[in-house]
Amino acid sequence: MVLAPVLSGFLGAGPAPAASPIAEVICEPSPRMTERLTRQQGATLASTGLRSPEEVVELWLDPRDNWTMVIAYASGTSCIVAMGAHWSPTQPQDPA
């Protein structure tokens, strides 16, 4: 599975991965999450969106078209909630 190497690279050495690469939500203080995504994965913040007054959804993309979705909480904690591969941006469509 493509996601297991991505997640294991993010987490470093440790026990064998679970059946799902996101079997557990990964949370850290927001500055540390940002540093790990940028330094370890080479990811850049591609977009954000407000989920609630206390939550911002962030989409991070790396040079290999892998993506990571993070929720940044007003408390200062960020959590990875989804990861995947083969991100493909789409162009806005003219509704006319």
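Numbering of residues starts from 1 in each chain and follows the order in which that chain's sequence is written. Restriction of local features to residues with pLDDT of at least 70 applies here, the model being predicted, together with a cutoff of 80 or more for giving and counting side-chain atom pairs; totals for whole chains, interfaces and linings are based on all residues. As a rule here, side-chain values cover all heavy atoms of the structure and leave hydrogens and water aside.

Asker: What's the story with the state of the cysteines in this structure? I'm lost.
Answerer: As used here, a disulfide is simply a covalent bond connecting the sulfur atoms of two cysteines. The rule for a disulfide is simple: a pair of cysteine sulfur atoms within 2.5 Å. With the rule as written, the count across this model stands at one disulfide. Each sulfur of the disulfide joining Cys-27 and Cys-79 lies 2.0 Å from the other. The sign of the S-S torsion, about 110°, decides the handedness of the disulfide formed by Cys-27 and Cys-79: right-handed. Of this pair, Cys-27 sits in strand β1 (residues 26–29) while Cys-79 sits in strand β5 (residues 77–84), placing them 52 residues apart in sequence. Where helices and strands are cited, they refer to DSSP runs of H or I of at least four residues and of E of at least two residues respectively, numbered from the N terminus.

Asker: Help me out: how do you make sense of the nonpolar core in this one?
Answerer: The nonpolar side chains of a soluble globular protein tend to be buried, and buried together. Note on terminology: a nonpolar core comprises buried Ala, Val, Leu, Ile, Met, Phe, Trp, Tyr and Cys residues joined through side-chain atoms within 4.5 Å. Relative accessibility decides the category of a residue: with a 1.4 Å probe and only protein chains considered, values under 20% of the type maximum give buried, values over 50% give exposed, and everything between is partly exposed. Membership of the largest hydrophobic core is limited to eight residues, which are Ile-26, Met-33, Leu-37, Ala-43, Trp-60, Val-70, Ile-80 and Met-83. Contributions of two or more residues to this core are made by α2 (30–41) and β5.

Asker: Teacher, can you tell me more about the sheet that holds strand β3 (residues 55–61) here?
Answerer: Backbone-to-backbone hydrogen bonds join strands into a sheet, with any given pair of strands oriented parallel or antiparallel. Strand order in the open sheet made by the five strands is β1-β5-β4-β3-β2, with antiparallel pairing throughout. Among the strands making up the open sheet, the edge pair consists of β1 and β2 (44–52). Averaged over all adjacent pairs, the angle separating strand axes in this sheet is 25°, with direction ignored. A pair of strands counts as paired when DSSP detects no fewer than two bridges linking them. Here strand β4 (residues 67–73) pairs with β5 via six bridges, running antiparallel. Across the sheet, the residue bridging to Trp-67 is Gly-84, located in β5. A fitted line through C-alpha atoms represents every axis, and for helices the fit uses only the stretch in contact; the resulting angles, taken between N-to-C directions, go from 0 to 180 degrees.

Asker: Sorry if this is basic, but what is going on with unusual backbone geometry here?
Answerer: Note: most residues except glycine have negative phi, and most peptide bonds are trans. Here Asp-65, not a glycine, exhibits a phi torsion of approximately 65°, which is positive. As for its placement among the helices and strands, Asp-65 is situated in the loop between β3 and β4. What makes Asp-65 partly exposed here is its relative accessible area of 42%. A positive phi angle, near 60°, is found at His-86, a position not held by glycine.

Geometry only, nothing functional implied.
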